[in-house]
Amino acid sequence: MTEKHIVLEDIDPVVFYGVGNSHLQMIKALYPKLRIVARDNVLRVIGDDEQMSIFEEQVEAMRKHVLKFNRISEEDILDIINGRKTKDEAVKGVVAYSVSGRAIKSRSENQQKLIDAFEKDDMIFAVGPAGTGKTYLSIALAVKAMKEKQAKKIILSRPAVEAGEKLGFLPGDMKDKIDPYLQPLYDALEDMIPAAKLQDMMDKHIIQIAPLAFMRGRTLSDAVVILDEAQNTTSAQIKMFLTRMGWNTKMIITGDMTQVDLPRETQSGLREAMRILKGVEGISFVEMTKKDIVRHKLVTRIVNAFEAYERVKKENQNKDNNNEGINKN
């Protein structure tokens, strides 16, 4: 008789064991010759060597299923034990799965271009209007890379620039002050990683979220690094950020050039960097459009309305300038 302790690493044991331990009871019934006791994320198993070896392999396959899909069903357990592909594994083109089990994949041609660029190059610039999924899909790609052991860390950053409002002095410690700027990044992560696991990864600095100013002086290796809202960086800031790149690192820089919140006299670092780096080998540029908007249908209409307004405003300014020139003559 052999006794082994199998650790269910990187997953929520509650998902593995099932509601009311239903999955665990099913597994026990399928292995009547083994004595299986569960405590937290550890399975204590007693039995003969041959059965133990098969059990270990199949439990590892179940663990990987939960890690990838954030869920497992009794049907999935039976498929794994019988050596069949589960229904989730048969679906193609999925980047990651949300905590609720929803498939996260490309929903437009340009979103697929972002996925392809991530596979091909180490630095990707993804620009486009609000609602095109730039940030969300980028974080999904980072989560996938970490789950597949292609990266050891995820580092997310944003410039701390207020969107047309002066919030004044925020209360609390440093984390309390910067969190409002970084909340969209938290939202995306919380949708893809169970809350307890996410908190643990942040406590261990496996996932790091920090304002852009905190990047200075660092070398970021073995990581997927995402700079969000890059249109609000200055030229010096984005140069500083891009040169943080270390070994085995991928960078995704996202932004929307129609939402620059910098002072009027300050040029967007994102615009300048894209112009300077165009054509550099190893860097991809993905430009998303209104057709890629995946939020509520009203978002597309709002973007269209603002674009039409800006177009008319520019035309009127040009007319006024022309009229002034004629009058002077």
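Along every chain, residues carry numbers that run from 1 in the direction the sequence is written. Owing to the predicted nature of the model, reporting of local features is limited to residues with pLDDT of at least 70; listing and counting of side-chain atom pairs is limited to 80 or more, with chain, interface and lining totals taken over all residues. Just so you know, side-chain values use all the structure's heavy atoms and leave hydrogens and water out.

Draft legend 1. Examining the sheet that holds strand β2 (residues 35-39) more closely. DSSP-based pairing: two strands are paired if at least 2 bridges between them are found. Helix and strand labels come from DSSP, where a helix needs a run of H or I of at least four residues and a strand needs a run of E of at least two; each type is numbered from the N terminus. The three strands are arranged β1-β3-β2 in an open sheet whose pairing can be described as antiparallel. Looking at the sheet topology across the chains shown, the edges are occupied by β1 (2-7) and β2. Taking each pair of neighbouring strands and ignoring which way they run, the sheet shows an average axis angle of 15°. Note: β2 against strand β3 (residues 42-47), five bridges, orientation antiparallel. Each residue of the ladder has a partner; that of V37, found in β3, is R44. In this description, contact between two residues means that some pair of their heavy atoms is separated by no more than 4.5 Å. Each axis is a line fitted through C-alpha atoms, and for a helix only the stretch in contact is used; angles between axes span 0 to 180 degrees, taken between their N-to-C directions. Each of β1, β2 and β3 is contacted by helix α3 (residues 49-69), which is oriented at about 5° to β1, the strand it contacts most.

Draft legend 2. Here's a closer look at the packing of aromatic side chains. Here a pair means two rings of Phe, Tyr or Trp (six-membered ring of Trp) with centres within 6.5 Å. Their orientation is stacked below 30 degrees between planes, edge-to-face above 60, and tilted elsewhere. Under the criterion given, the structure shown has four aromatic pairs. With a centroid separation of 5.9 Å and 80° between ring planes, the pair formed by F16 and Y17 is classed as edge-to-face. Of the two residues, F16 and Y17, both sit in the buried class. Lying across the ring of F118, K250 places its NZ or CZ 5.2 Å from the centre. Two limits define a charge over a ring: the Lys NZ or Arg CZ must be within 6 Å of the ring centre, and within 35 degrees of the ring normal. The side chain of K278 reaches across the aromatic face of F285, ending 4.4 Å from its centre. The rule is simple: take the accessible area with a 1.4 Å probe, protein chains only, and divide by the maximum for that residue type; under 20% is buried, over 50% is exposed, in between is partly exposed.

Draft legend 3. Quick peek at the side chain of H23. Counting through the fold element by element, H23 comes out in helix α2 (residues 22-30). Not counting residues within four places of it along the chain, the set of residues in contact with H23 comprises V15, F16, Y17, G18, I72, S73, E74 and I77.

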